[in-house]
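If you want the building blocks of each chain, they are given just below.
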Amino acid sequence: MAGLKDIWICSLRPDMALMVITGEPSVLISPSLDGYKGRLAIHAASCTDEEDRKDSYKRIIEMGWSPEDVPEGSLVGWCKIDKNIDYDTNTFAADFNNHCYSSHRLEDFKQQEEWLDAVHGLHLAEMQILKMPIMGIGKLKIHGEWWTPDNPFDLLCLKQCFEAEALDLESTV
């Protein structure tokens, strides 16, 4: 089993973090995480500006949650990466309904996101929603950042995330 220092954290805008830990999308598109499988912590990133924050809060409320449930700069849950696919044109299109991007064309995605490297589809399983978000971690992280813990506080927060009692997804619906 990988040590805490080797576990990836995905920072997403709070509404997207909520979507991931509630199961949609079921595939995250990532940069070069060649063959990575195992646990993935989901982090509610800082919004880039007030308009971004208002849009995120609006979507959270539309999903039946409160923005306080998914505060910026907090770990909100985790999941397991069940499968890691190195996308090509066909596999990206085949996963269109699972990754929920606006185009089924890999080249459109890469151009829009300005990605030059390989694109991986991480199939997620066993979503765990924390009863209480773990605050104060990654306050400067923004939507789309993939990172590993790089200081003792990050490691402590990640340890708490995996030890914390998580909610059963079915009990929140």
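Just above sits the structure.
Residues numbered from 1 in each chain as written. Predicted model: local features only at pLDDT ≥ 70, side-chain atom pairs only at ≥ 80, totals over all residues. Heavy atoms only, no water.

Colleague: Help me understand the layout of surface pockets in this model?
Modeller: Where empty space is left becomes clear once a probe the size of a water molecule has been rolled over the atoms. In this structure, the largest pocket encloses a volume near 310 Å³. Elements represented by at least two residues in the lining of the largest pocket include exactly strand S1 (8-12), strand S2 (27-30) and helix H5 (106-113). No other element matches the 3 residues that S2 contributes to the lining of the largest pocket. Across the lining of the largest pocket, the residue classes break down as 11 nonpolar, 3 polar and 1 charged. (1 Å grid on protein atoms, 1.4 Å probe; cavity = no way out; pocket = protein on both sides within 12 Å on 5 of 7 lines; lining within 4 Å. Points joined across faces, edges and corners; volume = space filled by probe spheres on them. Helix = DSSP H or I, 4+ residues; strand = E, 2+ residues; numbered from the N terminus. Nonpolar A, V, L, I, M, F, W, Y, C, P; charged D, E, K, R; others polar.)

Colleague: Can you help me understand the environment of Leu 156 in this one?
Modeller: The topology assignment puts Leu 156 in helix H6 (residues 152-163). Look at Leu 156 and you get exposed, because its relative accessible area is 53%. When the C-alpha atoms of Leu 156 and Leu 4 are compared, they prove to be 9.2 Å apart, with 152 residues separating the residues in sequence. (Buried < 20%, exposed > 50% of the residue type's maximum accessible area, 1.4 Å probe, protein only.)

Colleague: Explain H5 here, please?
Modeller: What sets the pattern is the α-helix's 3.6 residues per turn: residues three or four places apart point alike. The set of residues buried in H5 consists of Leu 106, Phe 109 and Lys 110. Looking straight down H5, one finds its buried side chains confined to an arc of 95 degrees; they lie on one side. Seen from the open side of H5, the exposed residues pointing more than 90 degrees away from its buried face are Gln 111 and Gln 112. Buried residues along H5 sit against S2 and helix H3 (89-94). Positive phi appears at Glu 114, one or two residues downstream of H5, with a value of about 60 degrees. (Arc of directions from axis to C-beta. Contact = heavy atoms within 4.5 Å.)

Colleague: For this particular structure, what's the right way to read the pattern of salt bridges?
Modeller: A pair can form between side chains of opposite charge whenever their charged atoms are brought close. What the rule picks out here adds up to 10 salt bridges. Residues Arg 13 and Asp 55 are paired through a salt bridge, measuring 2.8 Å at the closest nitrogen-oxygen approach. Residue Arg 13 is located in the loop between S1 and helix H1 (14-21), and its partner Asp 55 is located in helix H2 (residues 50-62); the two are separated by 42 residues in the primary sequence. We classify Asp 55 as partly exposed; its relative accessible area is 36%. Arg 53 serves as the salt-bridge partner of Glu 50, at 2.9 Å between the closest nitrogen and oxygen. Pair noted here: Glu 50 and Arg 53 are both in helix H2, with a separation of 3 residues, about one helical turn. Overlapping salt bridges bring together Arg 13, Asp 15, Asp 52, Asp 55 and Arg 59 as one network. (Salt bridge = Lys/Arg side-chain N within 4 Å of Asp/Glu carboxyl O.)

None of the figures reported here should be taken as evidence of function without further support.
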